[in-house]
Structures are given as C-alpha cells and as structure tokens.
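Chain by chain, the residues run as shown.
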Amino acid sequence: PELKAEEKRLEAARLTIGAAYAELFPNVQAFADYGNSGDRQSFLPTRTYGVQVNGPIFDSGRRAAHRETALSQFRQAQIRVRDTRDQIEMEVRIALDNLASARDQLRSAEEGLRLAEEELNLSRLRFENQVSTQIDVVSAQAELSAARSRRVNALFTQRSAEVDYQRAIGAELPEN
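A few points on the structure. (Residues numbered from 1 in each chain as written. Predicted model: local features only at pLDDT ≥ 70, side-chain atom pairs only at ≥ 80, totals over all residues. Heavy atoms only, no water.)

The subject of this paragraph is the pattern of salt bridges. When charged atoms on two side chains of opposite charge get close, those side chains can pair. Enumeration over the complete set of coordinates arrives at twelve salt bridges. Arg-85 serves as the salt-bridge partner of Glu-7, at 3.0 Å between the closest nitrogen and oxygen. On the criterion of sequence distance, the pair formed by Glu-7 in helix H1 (residues 2–22) and Arg-85 in helix H2 (residues 62–128) is long-range, its members being 78 residues apart. Residue Glu-7 is classed as partly exposed on the basis of its relative accessible area of 33%. (Salt bridge = Lys/Arg side-chain N within 4 Å of Asp/Glu carboxyl O. Helix = DSSP H or I, 4+ residues; strand = E, 2+ residues; numbered from the N terminus. Buried < 20%, exposed > 50% of the residue type's maximum accessible area, 1.4 Å probe, protein only.)

Moving on, we get to the side chain of Arg-63. Locating Arg-63 in the fold gives a position in helix H2. A residue is classified by how much of its surface remains accessible, and Arg-63, at 16% relative accessible area, is buried. Of note is the side chain of Arg-63, whose polar atom sits 3.0 Å from the backbone oxygen of Glu-23. Contacts of Arg-63, omitting those with residues within four sequence positions, involve Glu-23, Leu-24 and Pro-56. (Polar contact = N/O pair within 3.5 Å; in protein donor to acceptor, adjacent residues only side chain to side chain. Contact = heavy atoms within 4.5 Å.)

Our focus in this paragraph is the packing of H1 against H2. Their axes nearest at 8 Å, the elements H1 and H2 cross at an angle of 165 degrees. As the angle between them shows, H1 and H2 are arranged roughly antiparallel. Here H1 and H2 pass one another in a crossing that is left-handed. (Axes fitted to C-alpha atoms, helices over the stretch in contact; angles between N-to-C directions. Parallel < 35°, antiparallel > 145°, perpendicular 65-115°, else oblique. Left-handed = near helix turned anticlockwise from the far one by under 90°.)

Counting residues in hydrophobic clusters, the biggest one holds eight residues: Leu-10, Ala-13, Ile-17, Ala-20, Ala-70, Phe-74, Ala-77 and Val-81. Mapped onto this core, the elements with two or more residues apiece are H1 and H2. Those residues in contact with Val-81, other than ones at most four positions away along the chain, are Leu-3, Glu-6, Glu-7 and Leu-10. The next biggest cluster of nonpolar side chains, apart from the first, holds seven residues, and it includes Leu-113, Leu-120, Ala-140 and Ala-147. (Core = buried A, V, L, I, M, F, W, Y, C linked by side-chain atoms within 4.5 Å.)

Taking 1.5 Å of rise per residue, the 21 residues of H1 would be expected to cover 30 Å, and the 31 Å separating its terminal C-alpha atoms lies within 8% of that figure. Of all the positions in H1, only Glu-6, Leu-10, Ala-13, Ile-17 and Ala-20 are classed as buried. Buried residues along H1 cover an arc of 80 degrees about the axis, so they all sit on one side. Pointing more than 90 degrees away from the buried face of H1 are the exposed residues Lys-4, Lys-8 and Leu-15. Against the buried residues of H1 lie H2. (Expected span 1.5 Å × (residues − 1). Arc of directions from axis to C-beta.)

Next up on the list: the pairing of strand S2 (residues 43–54). Among the twelve residues of S2, one are classified as buried, and the element is accordingly described as predominantly exposed. With twelve bridges joining them, strand S1 (residues 27–38) and S2 adopt antiparallel strand pairing. Considered in S2, the bridge of Ala-30 is made with Val-51. Taken together, S1 and the strand that follows it, S2, pair antiparallel across an intervening segment of four residues. (Pairing = 2+ DSSP bridges.)

With respect to the helices and strands, Ala-30 occurs in strand S1. Between the alpha carbons of Ala-30 and Gly-50 there is a distance of 5.9 Å; along the sequence they are 20 residues apart. Those residues in contact with Ala-30 that sit more than four places away from it in its chain are Gly-50 and Val-51.

Here it is as structure tokens:
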C-alpha cells in the first residue's frame, strides 16, 4: 500500500509538470452579451461579442519558477518511490531471513524435545533398575519441561515471523 501511494504521488507530480508547461500556451476566451437599452418608450437591442487572446509575454519568471518547482517535486516523488521500493525490499528480505531462522529454531527445539523425552525414558529405566537415583529422573523431567517451553517459544517466534513476512509483502492479515 505504501508503494501504491507513492506511485500515485509520482503521477500527481507528473501531471503538475504538464500543468506548469501548459501555462506557456496562449489563452483564448470568447464572450457575448445581448440586452436592451433605452427607456420605457423605446428599447434598442444591444449586442456585444468578441474573442480575447491572452498570451504570456513577460511574467517576471513566475511561469519558469512554477516549472522548476514542479520538476523538483517530480524528482522528489521519484526518490520517494525508489526509497519506498528499497525499504519494502529490505523488509521482505529481513522477514524471509527471520522466517528461515525461526524455522531452524523450531526444528532445533523439536529435536531438543525429542532428546529430553528420550533422556527421561532412559533415566526412568535406570531408576527402575536401581542404577541411578530419583534425582536423575527429576532432573530429566525438569529438562523435558524446559524443552517444551523452548518449543512453545520457537512456535511463537515462527508464527511472529510468518506474520511479519505477510505484512512485509503486503498480504492481508487474517482477523483472528
């Protein structure tokens, strides 16, 4: 939407240049009038008509100043469009990088969760066979809880990165 707005401003600036150059052309006006003249006893019809041509001869540089101002505004609009495109491109690239990083983080968190579950199973087996103590099982349970928490955080990070990417490309975001 930002790019579309800047492109509309650019088109408006282009039209302003055309209007500034149109000030150089002569101006033609036609006029006519019909009426009555006289007292109540006698009315005489009156007619006036003509064509008037106005041409710019000398305006102390006013028209040239209008043209220069319009050209300057057009160049500024071009720069804003280019800057907006660059900004959008940068935001999309950053969003893509963040999304890839979030996906890697989620894969890592899921692998950590799988390993924590496996460690808990092994520590329970060791405890059941009286090779280790209850402390090892509790530690494995705490690590499993932390691994689940890391997975939830990774899921949140991935969803946030997906939303940032959708916003960066200008997609409509769902209401929910």
